[in-house]
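Residue-level structural notes
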Amino acid sequence: MALSVVDLYRDILPKTNCGECGHPTCIAFAGQVVADGLSLSECPYLSSETVERCSIELEEQYAKGKWTRRDMAEDALAWARERASSMAPATFPARLGGELVMDRDVPVFHLPYFTDTLLIRELAITTREGLALTRWEQVFILNHLAQGGTRRPTGRWKGFIELPNTTSKIKNMVDSVEEPIARAFSDNLLLLKERALDQGGTVETENAGSADIAFLFSPFPRVPVILLFWDADMEEGFEAKAKLMFDETVTDHLDIESVVFLGEELASRLVEPKPQQL
């Protein structure tokens, strides 16, 4: 018989809320046991027989995924791998740029990524130095492989709001990408330029418009991004402002969720750059 949070609390636990397990209440402890696999033995008031008996039932429901908390990153990664598995590696260079290299009869796709190169072997992704990516980064890369786009950039630029199906994601782009960049580099254009150049950006003048400074990035060979930046003007009462511009072909190569992730990755690299590998 499966054990729910209520079952554990009502029938098994002492209901004293003593806190000795490290949780404030018995119901909170029960939730961790059922959803996250916390061991019942963490409760000091259960007999070893009770723990052993209940653990058998719990292990069975864990194996079935019953009431367990979903690992969203792992689920997304499994979905992205399945989506990308239908794409033939031989098509990658023509569609995405990069180079396909045979290594012991196994094709390895070398994909430029910001200032690094990713090595993709049978959908396993590492950096040039052999470092693994986070699961969300892998989802992002695999979605790029799977999107199936073939168009090359046209040089016609659009703000995020101008891309199709972005209404629900505009706030994410503003709150987690553009505003953090604006705050970090307000009244500090020199630091912004230094960070942008470190990420492979180049000063953009042709498509800068009224911005005080603009940078062109190439996160992927077929996915350029322009960062427009207006510095604060306290005398006029204007705060700093940042805006990302995308080539009109971006949705051929990235879904909208991935476009937002790309913006977040760029913002992170600029605002909180990772230490250089020795």
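So, here is what we can say about the structure in this document. (Residues numbered from 1 in each chain as written. Predicted model: local features only at pLDDT ≥ 70, side-chain atom pairs only at ≥ 80, totals over all residues. Heavy atoms only, no water.)

1. Some points on the overall build of the chain
Let me state the cut-off plainly: We count a stretch as a helix when DSSP gives it H or I for four or more residues in a row; a strand needs E for two or more, and each element gets its number in order from the N terminus. Restricting the calculation to C-alpha atoms gives the radius of gyration, and the globule rule supplies 2.2 Å times the number of residues raised to the power 0.38. Buried, partly exposed and exposed residues are distinguished by accessible area as a fraction of the type maximum, computed with a 1.4 Å probe on protein chains only: under 20%, between the cut-offs, and over 50%, respectively. The criterion used for residue contact is that any of the two residues' heavy atoms lie within 4.5 Å. Calculation of accessible area relied on Shrake-Rupley with a 1.4 Å probe; when residues are assessed, cover is drawn exclusively from the protein chains displayed. When charges are tallied, Lys and Arg are placed among the positive residues and Asp and Glu among the negative ones, while His and the ends of the chain are skipped. A single reference atom marks each charge: NZ on Lys, CZ on Arg, CG on Asp, CD on Glu.
Along the chain, the regular secondary structure elements total 10 helices and nine strands. Radius of gyration (C-alpha) of the chain: 25 Å, far over the 19 Å computed for a compact globule of 278 residues. Within the chain, buried positions represent 42% of all 278 residues. Sequence separation of at least 24 residues holds for 57% of the intrachain contacts in the chain that already meet a minimum separation of 6. Of the roughly 15200 Å² of accessible surface on the chain, a fraction of 51% belongs to carbon and sulfur atoms. Computed over 28 positive and 44 negative side-chain charges, the separation of the two mean positions in the chain equals 5 Å.

2. A word on the layout of surface pockets
Threshold: Only protein atoms enter the 1 Å grid used here. Points where a 1.4 Å probe fits but cannot escape make up a cavity, open sets with protein on both sides within 12 Å along at least five of seven lines make up a pocket, and a residue lines them when an atom lies within 4 Å of a point. Grid points are joined across faces, edges and corners, and a volume is the space filled by probe spheres set on the points. Gly is placed with the polar residues, together with every amino acid not listed as nonpolar (Ala, Val, Leu, Ile, Met, Phe, Trp, Tyr, Cys and Pro) or charged (Asp, Glu, Lys and Arg).
The calculated volume of the second largest pocket comes to roughly 270 Å³. Going through the elements one at a time, α4 (72–85), α6 (135–146) and α10 (256–271) are the ones with two or more residues in the lining of the second largest pocket. It is α10 that contributes the most residues to the lining of the second largest pocket, five residues altogether. Along the lines of polarity and charge, the residues of the lining of the second largest pocket split into seven nonpolar, three polar and four charged.

3. What about the environment of Ala35?
Mapping Ala35 onto the fold places it in helix α2 (residues 26–36). A sequence separation of 34 residues divides Ala35 from Arg69, and the C-alpha atoms of the two residues are 4.9 Å apart.

4. With respect to the nonpolar core
If you look at soluble globular proteins, the nonpolar side chains tend to sit buried side by side. Condition: Only buried residues count toward a nonpolar core, which is a set of Ala, Val, Leu, Ile, Met, Phe, Trp, Tyr and Cys residues joined through side-chain atoms within 4.5 Å.
Membership of the largest hydrophobic core comes to 52 residues, with the highest contact counts inside it found for Ile141, Ile181 and Phe246. A per-element tally of this core places α10 first, with eight residues. If we skip the residues at most four places from it in the chain, Ile141 touches Leu111, Tyr113, Leu118, Ile120, Ile125, Leu133 and Phe220. If you look at the next biggest cluster of nonpolar residues, it comprises 17 residues, including Leu8, Leu40, Val51 and Leu58.

5. A short note on the packing of α6 against α10
The condition that has to hold: All axes are obtained by fitting lines to C-alpha atoms, using only the stretch in contact for helices, and the reported angles, taken between N-to-C directions, cover 0 to 180 degrees. Roughly parallel here means an angle under 35 degrees, roughly antiparallel means over 145, roughly perpendicular means 65 to 115, and every remaining angle is called oblique. Crossings are assigned a handedness: left-handed for a near helix turned anticlockwise from the far helix by less than a right angle, right-handed for a clockwise turn.
In contact at an axis separation of 10 Å, α6 and α10 are set at 130° when each is read in the N-to-C sense. When the axis of α6 is compared with that of α10, the two are oblique. In this structure, α6 crosses over α10, and the sense of that crossing is left-handed. Contacts between α6 and α10 involve Trp136, Glu137, Phe140 and Asn143 from the first element and Ser258, Phe261, Leu262 and Glu265 from the second.

6. Description of the sheet that holds strand β2 (residues 106–113)
Stated precisely, the cut-off is as follows: DSSP-based pairing: two strands are paired if at least 2 bridges between them are found.
Strand order in this open sheet of four strands is β1-β2-β3-β4, and the pairing throughout is antiparallel. Strands at the two margins of the open sheet, each flanked by one partner only, are β1 (99–103) and β4 (124–127). Between one strand axis and the next, the sheet turns through 30° on average, direction left out of account. Relative to strand β3 (residues 116–121), β2 runs antiparallel, the two being bridged by six bridges. What sits directly across from Leu111, in β3, is Leu118. Here α6 sits on the sheet in contact with β2, β3 and β4, set at roughly 105° to β2.

7. Regarding the pattern of salt bridges
What counts is decided by this rule: Salt bridges are defined by distance alone: a side-chain nitrogen of Lys or Arg within 4 Å of a carboxyl oxygen of Asp or Glu.
In the structure shown here, the tally under the stated rule is 15 salt bridges. With its nearest N and O atoms 3.5 Å apart, the salt bridge here joins Arg128 to Asp116. Taken as a pair, Arg128 in the loop between β4 and α6 and Asp116 in strand β3 lie far apart in primary sequence, 12 residues in all. A relative accessible area of 47% means that Arg128 is categorised as partly exposed. In this structure, Arg269 and Glu265 form a salt bridge, with 2.8 Å as the shortest nitrogen-oxygen distance. Separated by four residues within a single helix, Arg269 and Glu265 lie in helix α10, roughly one turn from each other. Judged by its relative accessible area of 16%, Arg269 is buried. Judged by its relative accessible area of 9%, Glu265 falls in the buried class.

These results come straight from atomic positions and should not be treated as a statement about function.
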